[in-house]
Amino acid sequence: RTSHCPPIKQHPISRQNETPGKDVEFVVEATGMNLSYTWHHQTSRYAHSKEKVGGDSETLHIQNLQSDDEGYYTCTITDPSGGNVETRPAQLTLRTTSWRKWIFPGLIVSAVILVIAVLIAKRPNTMSQLQGCTVIGSDMKAIRAIENDISDWRLLGEELGISSTELNRVDKDQHKELSKLRE
């Protein structure tokens with residue numbers, strides 16, 4: 001008994017700019033009896049791994065589209081003798097409104113920049129207020145408080161992704177100011 005590849009009459013058709021939350025279908029049609037269908041999903045056309053999706057059917061139903069569903073879909077059709085053939089990939093993309101795609105990251109970046117600007121602007125003022133004062137007793141508490149603020153600022157800067165070069169520069173400037181106060 002020889003195996004042969006079932007001829008494909010209809011490949012699945014790409015679905016571009018589909019609405020998130022919507023349901024879509026991919027359909028394949030092949031000639032032959034008792035054929036089995038295995039659908040696969042790849043996140044990119046050249047991805048090395050394929051995820052098996054759907055059941056053994058000519059139609060793949062995807063409900064409630066989400067960003068994870070984007071990618072390429074193929075179907076491997078197998079005849080009873082073991083011969084198989086794979087369809088051309090059909091791409092699925094979702095519609096995104098450009099302002100929605102970028103507004104949240106943009107707001108976060110703006111907030112981070114604002115916080116950093118405020119922190120940097122406040123540091124020199126705090127130091128210059130203490131310059132020229134004689135450091136005795138309770139003034140040492142103020143210096144320790146400033147040292148703690150510098151440490152807290154560095155931790156916040158690291159959490160916000162400020163480069164270590166910039167953090168080191170600011171630390172160096174702040175510690176110079178503290179050294180002047182201690183003299």
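Each chain has its residues counted from 1, running along the sequence as written. Local features in a predicted model are, by the rule used here, given only for residues with pLDDT of at least 70; side-chain atom pairs are given and counted only at 80 or more, and totals for whole chains, interfaces and linings are based on all residues. To get the side-chain values, take all heavy atoms of the structure and skip hydrogens and water.

## Some details on the side chain of Thr87
(1) Moving on: Among the structural elements, Thr87 can be located in the loop between strand E9 (84-86) and strand E10 (90-94).
(2) Moving on: Relative accessible area decides the class of each residue, using a 1.4 Å probe on protein chains only: under 20% of the type maximum gives buried, over 50% gives exposed, and in between gives partly exposed. When its relative accessible area of 4% is taken as the criterion, Thr87 is described as buried.
(3) Moving on: When sequence neighbours within four positions are dropped, the list of residues in contact with Thr87 reads Ile8, His11, Pro12, Val28, Thr74, Cys75 and Ile77. Put simply, DSSP H or I for four residues or longer makes a helix, DSSP E for two residues or longer makes a strand, and each gets a number counted from the N terminus. Working rule for contacts: check all heavy atoms of both residues, and any pair within 4.5 Å makes them a contact.

## Things to note about the environment of Val27
(1) Moving on: Relative to the helices and strands, Val27 is located in strand E3 (residues 24-27).
(2) Moving on: The spacing of Val27 and Ile13 is 14 residues in sequence and 7.5 Å in space, taken between C-alpha atoms.

## Digging into the nonpolar core
(1) Moving on: Core analysis: the biggest nonpolar cluster contains 17 residues, and Phe26, Trp39 and Ile62 have the highest contact counts within it.
(2) Moving on: Secondary-structure elements contributing two or more residues to this core are E3, strand E5 (36-42), strand E7 (59-62), strand E8 (71-78) and E10. We define a nonpolar core as any set of buried Ala, Val, Leu, Ile, Met, Phe, Trp, Tyr and Cys residues linked to one another through side-chain atoms lying within 4.5 Å.

## Brief notes about the environment of Pro80
(1) Moving on: With respect to the secondary-structure elements, Pro80 resides in the loop between E8 and E9.
(2) Moving on: When the C-alpha atoms of Pro80 and Leu35 are compared, they prove to be 6.5 Å apart, with 45 residues separating the residues in sequence.

## Regarding the confidence of the model for the protein
(1) Moving on: The predictor attaches a confidence to each residue, and that confidence, scored 0 to 100, is pLDDT. Of the residues in the protein, 57% have a pLDDT of 70 or more, and the chain-wide mean is 76.
(2) Moving on: Note that pLDDT drops below 50 for residues 124-137; the model gives that stretch 17 contacts with residues more than four away or on any other chain.

## A word on the pairing of E8
(1) Moving on: Here E8 lies mainly inside the structure; eight of its eight residues are buried.
(2) Moving on: Across seven bridges, E5 lies against E8 in antiparallel orientation. Following the sheet pairing, His40 is matched in E8 by Thr74.
(3) Moving on: Two strands form a pair only when DSSP identifies at least two bridges running between them. Two strands pair when backbone bridges link them, and E8 and E10 are joined in this way by three bridges, in the antiparallel orientation. The residue bridging Tyr73 from the neighbouring strand is Ala90, located in E10.
(4) Moving on: With three bridges joining them, E8 and E9 adopt antiparallel strand pairing.

## Let's talk about unusual backbone geometry
(1) Moving on: A positive phi angle, close to 50°, is found at Asn34, a residue other than glycine.
(2) Moving on: Assignment of secondary structure puts Asn34 in the loop between strand E4 (29-30) and E5.
(3) Moving on: With a phi angle near 50°, Asn64 is a residue other than glycine that sits in the positive phi range.
(4) Moving on: Tracing the chain through its elements places Asn64 in the loop between E7 and E8.
(5) Moving on: Its relative accessible area of 44% is what places Asn64 among the partly exposed residues.

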